[in-house]
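Okay, here's what each chain looks like letter by letter:
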2 protein chains.
Amino acid sequence: MRIKLVVEYDGSDFSGWQLQPGLRTVQGEIEAAIKSVTGEDVRVTASGRTDTGVHALNQVVHFDTGKDLGAKFAGALNYYLAPDVRIKSAEVVSDDFHARFGATQKTYDYVMYEGNTDSALWRKRAARVQGSLDEVAMNEAASLFVGQHDFAGFMSSGSEVSTTVRTVLAASVVRKDGFVIFSVTADGFLYNMVRKMAAVLIEVGKGQTVDIPALLRREAATTKVAPPQGLYLREVTY
Amino acid sequence: MRIKLVVEYDGSDFSGWQLQPGLRTVQGEIEAAIKSVTGEDVRVTASGRTDTGVHALNQVVHFDTGKDLGAKFAGALNYYLAPDVRIKSAEVVSDDFHARFGATQKTYDYVMYEGNTDSALWRKRAARVQGSLDEVAMNEAASLFVGQHDFAGFMSSGSEVSTTVRTVLAASVVRKDGFVIFSVTADGFLYNMVRKMAAVLIEVGKGQTVDIPALLRREAATTKVAPPQGLYLREVTY
């Protein structure tokens with residue numbers, strides 16, 4: 001039977017999601033925990049991979065098992081997992097549920113703070129920006145991402161995709177409790193898309209002139225990628 | 001000359017503030033950094049010690065030095081300090097400034113979240129409470145701490161004080177972004193006072209009947225201490 005897991009992790013001490021020999025990855029840890037619980041060698045599938053240092057509040061994962069544990073998989077896996085990865089829930093789903101291909105929407109948050117030195121408390125949990133940010137200008141700029149666009153200019157190489165067209169359903173920037181937070185929902189994201197959008201918005205926030213429509217039409221190019229520790233996978237919808 | 005530092009630290013990997021041979025403490029790290037910068041063996045004085053796992057957003061510290069670095073002490077010390085302790089500012093102050101005895105008010109935040117399992121992201125930064133909390137009841141209960149009271153019943157042993165009377169200037173509980181936060185300002189705090197107040201408020205939040213005036217009159221006693229990772233020293237006023 002197929003099991004769906006909702007997973008939270010602190011990406012700080014992981015070499016990202018994806019299994020890599022000799023490295024500590026979230027996928028590797030979860031597969032090892034399933035082996036400990038069921039004795040089975042299983043492969044788990046996530047809604048998408050996350051890079052080194054990127055966090056997840058609600059990553060969604062599926063796997064197939066012969067063990068009839070259902071919701072009890074959460075507690076059983078947490079028993080074996082390290083405290084920086086937690087199974088928030090487990091449930092039996094139909095065999096046609098697919099964590100990656102079934103995802104219809106994803107939301108990411110990108111969290112920034114302004115400062116001249118890294119924060120002792122936030123250095124692994126948010127991205128520091130030198131100087132001050134104009135969050136109103138950033139919010140206006142973010143709204144230009146909304147809609148169906150070819151985001152090829154907002155993709156790092158290293159992934160194969162059939163199309164670079166994505167639909168952004170919502171994109172906003174707010175200031176909250178000393179942080180500036182960029183939140184974006186789309187039907188899918190290209191590799192490094194949120195971090196490239198964030199890098200552009202940081203330029204806008206610092207008062208630089210950035211022509212986002214031209215970037216979307218690929219009449220201009222951006223190469224900057226904002227650092228990983230500000231990025232949180234918040235929600236996946238099916 | 002006397003230097004005042006404002007210090008932020010992530011208490012997770014420290015055995016608290018106070019110097020202890022063979023253990024990593026914030027005081028020990030700062031004194032070692034000053035030695036690296038000035039060549040001097042100095043003793044630093046904080047507004048108060050914090051226990052293992054307790055965090056500080058704006059701890060205040062003073063020390064005396066012959067080196068004329070002034071505000072540049074911040075950058076110089078940060079160069080030698082580990083990233084989980086940061087000097088936010090440094091300034092020359094008059095010789096009668098005293099980080100501990102000159103403090104007129106301190107504010108602490110105690111941050112809680114509700115959950116059946118520890119959060120991967122917040123386990124070292126907030127205290128988990130099983131079940132749900134009634135923050136309105138907690139806020140009403142917190143207001144009973146306001147005023148001048150003998151807080152002897154809210155002190156753990158292990159410190160010598162001339163009086164256990166303290167004046168609480170403000171105490172409130174709010175729900176914010178999935179967290180329940182108890183904030184308290186007083187002219188001074190006894191050892192473990194905030195964590196003992198938090199433990200009582202958690203009982204109130206869970207619907208238990210707690211007679212706070214009776215606890216303050218010492219007609220009843222409380223022994224619980226809420227865990228350290230929820231506690232943040234937010235502000236010290238002089």
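As a reminder, the structure under discussion sits directly above these lines.
Fair warning: this is a prediction, and the values are worked out from it, not measured in the lab. (Residues numbered from 1 in each chain as written. Chains lettered and ligands numbered in written order. Predicted model: local features only at pLDDT ≥ 70, side-chain atom pairs only at ≥ 80, totals over all residues. Heavy atoms only, no water.)

A. Broad picture of the overall build of chain A. Broken down by element type, chain A carries 5 helices and 10 strands. Reported as C-alpha extents along the three principal axes, the dimensions of chain A are approximately 55 × 40 × 30 Å. Counting across all 238 residues of chain A, residues that qualify as buried make up 52%. Taking all contacts inside chain A whose residues are at least 6 apart in sequence as the whole, residues at least 24 apart take part in 69%. Charged side chains in chain A number 26 positive and 28 negative. The centres of these two groups are separated by 3 Å. (Helix = DSSP H or I, 4+ residues; strand = E, 2+ residues; numbered from the N terminus. Buried < 20%, exposed > 50% of the residue type's maximum accessible area, 1.4 Å probe, protein only. Contact = heavy atoms within 4.5 Å. Lys, Arg positive; Asp, Glu negative; His and termini not counted. Charge placed at Lys NZ, Arg CZ, Asp CG, Glu CD.)

B. Focus on the interface of chain B and chain A. Each partner contributes residues to the interface: chain B has 22 residues there, and chain A has 22 residues. In terms of surface lost to chain A, no three residues of chain B exceed A120, L121 and R125 of chain B, which account for 36% of the buried area on that side. In this structure, the connection of chain B to chain A is made through 2 salt bridges. A salt bridge links K176 of chain A to D177 of chain B; the nearest nitrogen and oxygen atoms lie 3.0 Å apart. At the boundary of chain B with chain A, the tally comes to 12 residue pairs in polar contact (both at pLDDT 80 or more). Elements with a contribution of two residues or more to the side of chain B that touches chain A: β1 (2-9), β3 (55-64) and β4 (85-93) of chain B. In terms of residue count, the dominant contributor to the side of chain B that touches chain A is β3 of chain B (3 residues). For the side of chain B that touches chain A, a count of residues per class yields 9 nonpolar, 4 polar and 9 charged. (Buried area = accessible area lost by both parts, 1.4 Å probe. Salt bridge = Lys/Arg side-chain N within 4 Å of Asp/Glu carboxyl O. Polar contact = N/O pair within 3.5 Å; in protein donor to acceptor, adjacent residues only side chain to side chain. Nonpolar A, V, L, I, M, F, W, Y, C, P; charged D, E, K, R; others polar.)

C. Just the packing of helix α3 (residues 135-143) of chain A against helix α4 (residues 193-205) of chain A, in detail. Residues and elements named next belong to chain A. For the pair α3 and α4, the least separation of the axes is 8 Å and the interaxial angle reads 140°. Looking at the two axes, α3 sits oblique to α4. Judged by the twist between their axes, the crossing of α3 over α4 is right-handed. Within the contact between the two elements, α3 uses A137, M138, A141 and A142 and α4 uses L201, I202, V204 and G205. (Axes fitted to C-alpha atoms, helices over the stretch in contact; angles between N-to-C directions. Parallel < 35°, antiparallel > 145°, perpendicular 65-115°, else oblique. Left-handed = near helix turned anticlockwise from the far one by under 90°.)

D. Molecular detail of unusual backbone geometry. Phi at D177 of chain A is positive, roughly 50°, even though this residue is not glycine. Structurally, D177 of chain A is set in the loop between β8 (165-176) and β9 (179-186).

E. Looking closely at the pairing of strand β1 (residues 2-9) of chain A. Residues and elements named next belong to chain A. Among the 8 residues of β1, 8 are classified as buried, and the element is accordingly described as predominantly covered. Residues of β1 alternate between two faces, with R2, K4, V6 and E8 on one and I3, L5, V7 and Y9 on the opposite face, all of them buried. When β1 meets strand β4 (residues 85-93), the two strands line up antiparallel, connected through 8 bridges. Across the sheet, the residue bridging to R2 is V93, located in β4. Inspection of the sheet shows β1 paired to strand β3 (residues 55-64) by 7 bridges, in the antiparallel sense. Paired with L5 across the two strands is V61, which belongs to β3. (Pairing = 2+ DSSP bridges.)

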